[in-house]
Amino acid sequence: MTPTNESKYYPPLTDGFGRRHTSLRISVTDRCNIRCFYCMPEENVRFRPREELLTFEEVEQVAAVMLRLGVTKFRLTGGEPLVRANLPNLVQRLASLPGLTDLALTTNGILLADQAPALKAAGLRRLNISLDALDAEAFRRIARRDGLEQVLEGIETARQLGFEKIRLNAVAIRGITEVQLLPLARFARERDLELRFIEFMPLDAESRWDNSQVMSGVEIRQCLEAEFGPLIPAPRPDPSQPATDFLFHDGRGRIGLIHPVTQPFCGDCNRLRITAEGKLRNCLFSTAEWDLRELLRAGTRENVVHGSVHRFAAASSAGIADSEQEAAMIARIRQCVAAKKPGHGIDTPEFIRPERAMYQIGG
Ligand code: SAM
Ligand code: SF4
């Protein structure tokens with residue numbers, strides 16, 4: 001990754017509440033190889049046709065423009081990003097863009113043992129691996145598919161490869177997490193992996209979310225402290241990080257609690273999201289979207305695939321600011337940022353669930 005060249009940069013993406021946006025979650029697919037109940041429907045999922053998804057060239061173009069607008073961090077997600085063919089190729093493209101300081105991936109880990117070497121070689125530095133349960137039956141109840149063994153193998157392979165950081169993510173769900181909490185914490189501590197618990201959010205495709213299923217960050221902390229002793233609040237170098245971090249008092253391991261439902265952290269949010277088919281969103285819970293694919297494909301399909309997209313990409317990375325297409329993209333990105341609300345409002349009577357479920361947005 002090359003250092004930032006300020007002279008090529010546009011004014012930053014600051015919204016009406018003074019929040020500067022420096023982080024982009026890039027969804028590369030809505031497909032997945034499991035069916036977590038808090039995210040996807042169990043059967044008969046209607047995925048986007050392949051031609052609707054942004055090509056890697058298109059993702060690279062969006063990324064290049066975002067970097068010049070002061071975004072410095074990308075996270076690849078989905079759906080399950082590892083089911084997208086040739087993902088290391090995209091990683092390599094993004095990792096070499098000027099201005100990028102952090103490139104990470106969130107995965108369910110099922111295909112990780114196979115793909116981790118190529119991803120690391122392509123320039124991926126950080127991994128979040130989802131792991132809600134260490135018990136095969138509980139895993140199956142959540143994921144509605146088998147796969148725990150593959151996930152554990154994926155975690156082990158990633159550890160052996162020496163990624164800069166590997167973090168485990170668990171969705172905290174009442175009735176499931178209580179018994180998984182301590183085994184997950186022990187598993188993470190024994191391997192020196194950071195473990196984060198995320199409160200269950202109303203983004204499940206089957207719309208069955210209910211507040212009573214949310215196991216709060218406070219409850220999780222209490223359970224952990226009853227077993228391991230007091231958790232020590234960790235320094236918070238990045239105020240926009242979604243997690244409140246704690247250290248175990250014996251110095252072994254780190255726990256993060258992400259509590260979007262019970263203690264929203266919208267005031268420090270610096271994140272934008274782009275869906276696999278190129279819709280920009282200013283919030284997980286946004287009900288509006290800004291179409292970047294339409295601008296990327298403004299020419300004919302043939303031109304987009306074989307010509308103009310490549311020309312545009314070259315202009316972006318060369319720092320040429322006079323592309324009409326780039327100007328249109330920047331204007332649309334700014335509209336999206338300007339429209340960002342102060343908070344998601346889950347806890348208010350006016351809250352409206354987005355039409356999309358988590359797998360269609362990119363978590
Ligand atoms: N498939 C990959 C995975 O599961 O890690 C990446 C995409 S997934 C949508 C990203 C993260 O969102 C995962 O850690 C998942 O557990 C979390 N997630 C999905 N639905 C959620 C929900 N309704 N509430 C809270 N977290 C959720
Ligand atoms: Fe797939 Fe990730 Fe959604 Fe689970 S959370 S269904 S692994 S996209």
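See the structure shown above.
All residue numbers refer to position in the chain's written sequence, counted from 1. The naming scheme follows written order: chains are lettered A onward, ligands numbered 1 onward. In keeping with the model being predicted, local features are shown solely for residues with a pLDDT of at least 70 and side-chain atom pairs are shown and tallied solely at 80 or more, while totals for entire chains, interfaces and linings include all residues. The basis for every side-chain value is the complete set of non-hydrogen atoms in the structure, without hydrogens or water.

## Focus on the nonpolar core
No. 1: Residue types Ala, Val, Leu, Ile, Met, Phe, Trp, Tyr and Cys, when buried and joined through side-chain atoms within 4.5 Å, form a set referred to as a nonpolar core. Burial classes: relative accessible area under 20% of the type maximum marks a residue as buried, over 50% as exposed, and values in between as partly exposed (1.4 Å probe, protein chains only). Ranked by size, the top nonpolar core spans 107 residues in total, and within it Met66, Phe74, Phe197 and Leu280 carry the most contacts.
No. 2: At seven residues, the largest contribution of residues to this core is made by helix α1 (residues 56-68).
No. 3: Residue contacts are counted whenever heavy atoms from the two residues lie within 4.5 Å of one another. Excluding residues that lie within four positions of it along the chain, Phe74 makes contacts with Leu24, Ile26, Ala63, Met66, Leu67, Leu100, Asp102, Leu103 and Ala104. Secondary structure elements follow DSSP: runs of H or I of four or more residues count as helices, runs of E of two or more count as strands, with numbering from the N terminus.

## Some points on the pattern of salt bridges
No. 1: Only one rule defines a salt bridge in this text: a Lys or Arg side-chain nitrogen within 4 Å of an Asp or Glu carboxyl oxygen. Overall, the coordinates contain 31 salt bridges when judged by the stated rule.
No. 2: When the shortest N-O distance is used, the salt bridge between Asp15 and Arg19 registers 2.7 Å.
No. 3: Residue Asp15 is classed as buried on the basis of its relative accessible area, which comes to 7%.
No. 4: Overall, Arg19 belongs to the buried group, its relative accessible area being 5%.
No. 5: Taking the shortest distance from any N to any O, the salt bridge between Glu225 and Arg221 comes out at 3.2 Å. In this pair, Glu225 and Arg221 are both assigned in helix α7 (residues 217-228), four residues apart and thus about one turn of the helix distant.
No. 6: In this structure Glu225 comes out as partly exposed when scored by relative accessible area, which is 25%.

## Description of the sheet that holds strand β5 (residues 165-172)
No. 1: Strands sit in the order β7-β8-β9-β6-β5-β4-β3-β2-β1-β10-β11-β12 across an open sheet of twelve strands; the sheet is mixed. Strands at the two margins of the open sheet, each flanked by one partner only, are β7 (231-233) and β12 (290-291).
No. 2: Summarising the sheet, strand β2 (residues 73-77) and strand β3 (residues 102-107) pair through four bridges and their orientation is parallel. What sits directly across from Phe74, in β3, is Leu103. One bridge is not enough; two strands pair if DSSP finds at least two bridges between them.

## Some details on the packing of aromatic side chains
No. 1: Geometry of aromatic contacts follows a simple scheme: Phe, Tyr and Trp rings, the Trp one being its six-membered ring, pair when their centres are within 6.5 Å, and the pair is stacked under 30 degrees between planes, edge-to-face over 60, tilted otherwise. Applying the stated criterion to the full structure yields five aromatic pairs.
No. 2: With centroids separated by 6.4 Å and ring planes inclined at 65°, the aromatic side chains of Tyr38 and Phe200 adopt a geometry described as edge-to-face. In this pair, Tyr38 is assigned in the loop between β1 (23-27) and α1 and Phe200 in the loop between β6 (194-199) and α7, connecting sequence segments 162 residues apart.
No. 3: Geometrically, a lysine NZ or arginine CZ counts as sitting over a ring once it is within 6 Å of the ring centre and also within 35 degrees of the ring normal. Its end group placed over the ring of Phe248, Arg189 keeps NZ or CZ at 4.4 Å from the ring centre.
No. 4: The ring of Phe187 has Arg191 lying over it, and the distance from NZ or CZ to the ring centre is 3.8 Å.

## Considering the pairing of β1
No. 1: Counting buried residues in β1 gives five out of five residues, a clear majority hidden from the surface.
No. 2: Here β1 runs beside β2; their pairing, made up of five bridges, is parallel. Bridged to Ser27 within β2 is Thr77.
No. 3: A crossover counts as right-handed when, viewed with the strands pointing away from the observer, the path leading from the first strand over the helix to the second turns clockwise. Following the chain from β1 across α1 to the adjacent parallel β2, one finds a crossover that is right-handed.
No. 4: Pairing of β1 with strand β10 (residues 271-274), which is carried by four bridges, proceeds in the parallel orientation. Bridge assignment links Leu24 to a residue of β10, and that residue is Leu272.

## Details of the site of ligand 1
No. 1: Nearness here has a simple test: a residue counts as near a molecule or strand if at least one of its heavy atoms is within 4 Å of that partner. Taken together, 17 residues are adjacent to ligand 1, and Tyr38, Gly79, Glu80, Ser130 and Met201 come closest.
No. 2: Within the contact set of ligand 1, an oxygen atom lies 2.6 Å away from a side-chain nitrogen or oxygen of Ser130.
No. 3: What sets the accessible areas is the Shrake-Rupley method with a 1.4 Å probe; for residues, cover comes only from the shown protein chains. Out of a free accessible area of 540 Å², ligand 1 has 95% covered by protein chains.
No. 4: For the shell around ligand 1, the elements supplying multiple residues, two or more each, are β3 and β5.
No. 5: When residues are sorted by character, Ala, Val, Leu, Ile, Met, Phe, Trp, Tyr, Cys and Pro go into the nonpolar class, Asp, Glu, Lys and Arg into the charged class, and all the rest, Gly among them, into the polar class. Looking at side-chain class alone, the shell around ligand 1 contains six nonpolar, nine polar and two charged residues. Between N or O atoms, a polar contact is any pair within 3.5 Å; within protein, one atom must be a potential hydrogen donor and the other a potential acceptor, and residues adjacent in sequence are included only when both atoms are from side chains.

## As for the environment of His344
No. 1: Position of His344 relative to the elements: it lies in the loop between α10 (324-338) and α11 (358-361).
No. 2: C-alpha of His344 to C-alpha of Ser286: the two residues are 58 residues apart in sequence and 7.6 Å apart in space.
No. 3: Dropping the residues within four chain positions of it, His344 is found in contact with Pro260, Pro264, Cys266, Cys283, Phe285 and Phe351.
No. 4: Within the local environment of His344, its side chain forms a polar contact with the backbone oxygen of Pro260, the two atoms lying 2.9 Å apart.

## Some remarks on the pairing of strand β8 (residues 244-248)
No. 1: Pairing of β7 with β8, which is carried by three bridges, proceeds in the antiparallel orientation. Looking at β8, one finds that Leu231 is bridged to Phe248.
No. 2: Across four bridges, β8 lies against strand β9 (residues 254-258) in antiparallel orientation. Along β9, the bridge assignment pairs Asp245 with Gly256.
No. 3: Hairpin connection from β8 to β9: five residues lie between these consecutive antiparallel strands, with Gly251 at a positive phi of about 85°.

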